[in-house]
Amino acid sequence: TTLACNQLSVLDDQQKDKRIVQEFCHLLEKSKQLFNGLRDLPSYGHKQWQTYFGRAFDIYTRLWKFQQINRHVLDKYYNLKRWQIGEIASKIGQLYYHYYLRTSETNYLHEAFQFYGAIRARGYYTSNIKDSNLGIENNNPELIVKKLRYLARFIVVCMLLKRIKNVKELTRV
């Protein structure tokens, strides 16, 4: 009976892990849809933009927290890479930056700076042993483009915040 209970427990854990991966995929897909929808909004005059941004912020916040809480399962069954975590953080930074562009409220620009700085500090776009088959240093063109876009956005944010020291550091990368 103990063996049968243990086997049931393993099956329950596997089902739970599968649901975690499915939920992550759902949140990831929903976040991409909302992010792409923001890109299609006109730069001015659209009255629903704040609601849309709110929905995008909510889903990205849920996605960010979800991947933090379930990182072990996502590493094991989804094969989550560091650059994928960096991509989520970069999208959040982009949301803050675009919100700043619509409102001119600099606190959103500072939030974008915080996310971009964390991406750099945590090395999300640099390869490591786990990501060696897809790392930046291994010349994966898709990841190189992602890193360059991230750096360009970070530099623009630094320039707007007059953080020249950061701009100089980033241009030496």
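Details of the structure are given in the entry above.
Below: a short report on this structure. The structure displayed is predicted, hence computed values, not measured ones. (Residues numbered from 1 in each chain as written. Predicted model: local features only at pLDDT ≥ 70, side-chain atom pairs only at ≥ 80, totals over all residues. Heavy atoms only, no water.)

Remark: helix 5 (residues 106-122) packs on helix 6 (residues 141-160), axes separated minimally by 10 Å, with the N-to-C direction vectors making an angle of 135°. As far as their axial angle goes, helix 6 and helix 5 are oblique. In this structure, helix 5 meets helix 6 at a crossing whose hand is left-handed. Counted together, Leu-109, Ala-112, Phe-113, Tyr-116, Gly-117, Ile-119 and Arg-120 of helix 5 and Tyr-150, Arg-153, Phe-154, Val-157, Cys-158 and Leu-160 of helix 6 form the full contact between these two elements. Per-class residue counts for the contact of helix 5 with helix 6 are 10 nonpolar, 1 polar and 2 charged. (Axes fitted to C-alpha atoms, helices over the stretch in contact; angles between N-to-C directions. Helix = DSSP H or I, 4+ residues; strand = E, 2+ residues; numbered from the N terminus. Parallel < 35°, antiparallel > 145°, perpendicular 65-115°, else oblique. Left-handed = near helix turned anticlockwise from the far one by under 90°. Contact = heavy atoms within 4.5 Å. Nonpolar A, V, L, I, M, F, W, Y, C, P; charged D, E, K, R; others polar.)

As a further point, take the side chain of Ser-31. By the secondary structure assignment, Ser-31 is in helix 1 (residues 2-40). A relative accessible area of 1% places Ser-31 in the buried class. Once residues within four sequence positions are removed from consideration, Ser-31 is found in contact with Ile-59, Tyr-60 and Leu-63. (Buried < 20%, exposed > 50% of the residue type's maximum accessible area, 1.4 Å probe, protein only.)

The next thing to look at is the nonpolar core. Counting 50 residues, the largest nonpolar core has Phe-24, Tyr-60, Ile-88, Leu-95 and Val-157 as the members making the most contacts within it. Residue assignment for this core shows that the elements contributing at least two residues are helix 1, helix 2 (49-69), helix 3 (71-78), helix 4 (82-103), helix 5, helix 6 and helix 7 (164-171). Each residue touching Ile-88, except ones within four places of it in the same chain, is listed here: Phe-24, Leu-28, Tyr-60, Leu-63 and Trp-64. (Core = buried A, V, L, I, M, F, W, Y, C linked by side-chain atoms within 4.5 Å.)

So, on to the packing of aromatic side chains. To describe a pair of aromatic rings, one takes the distance between the centres and the angle between the planes. Within this structure, the stated rule accounts for 18 aromatic pairs. Judged by centre distance (5.7 Å) and plane angle (90°), the rings of Trp-49 and Phe-53 are edge-to-face. Residue Trp-49 and its partner Phe-53 are both found in helix 2; the two are separated by 4 residues, about one turn of the helix. With respect to burial, Trp-49 and Phe-53 carry one shared label: buried. Among the aromatic residues, ring-to-ring pairing joins Trp-49, Phe-53, Phe-57, Trp-64, Tyr-96, Tyr-99, Tyr-108 and Phe-115 into one connected group. Over the ring of Tyr-52 we find Arg-55, and its NZ or CZ is 5.4 Å from the ring centre. Sitting over the face of the ring of Phe-113, Arg-163 holds its NZ or CZ atom 4.1 Å from the ring centroid. (Phe/Tyr/Trp six-rings, centres within 6.5 Å; stacked < 30°, edge-to-face > 60°. Lys NZ or Arg CZ within 6 Å of the ring centre and 35° of its normal.)

Volume-wise, the largest pocket comes out at about 730 Å³. In this structure, the largest pocket is lined by 33 residues; those nearest its centre are Phe-35, Arg-39, Lys-91, Gln-94 and Arg-153. Among the elements of the structure, helix 1, helix 2, helix 4 and helix 6 are those that each provide at least two residues to the lining of the largest pocket. Among the elements that take part in the lining of the largest pocket, helix 4 stands out by supplying 11 residues, more than any other. Within the lining of the largest pocket, the residues separate by chemical class into 17 nonpolar, 7 polar and 9 charged. (1 Å grid on protein atoms, 1.4 Å probe; cavity = no way out; pocket = protein on both sides within 12 Å on 5 of 7 lines; lining within 4 Å. Points joined across faces, edges and corners; volume = space filled by probe spheres on them.)

All right, on to unusual backbone geometry then. In this structure, Ser-104 is a non-glycine residue whose phi angle is positive, near 65°. For Ser-104, the location among the structural elements is in the loop between helix 4 and helix 5. Phi at Lys-162 takes a positive value of approximately 60°, unusual for a residue other than glycine. If you trace the backbone, Lys-162 turns up in the loop between helix 6 and helix 7.

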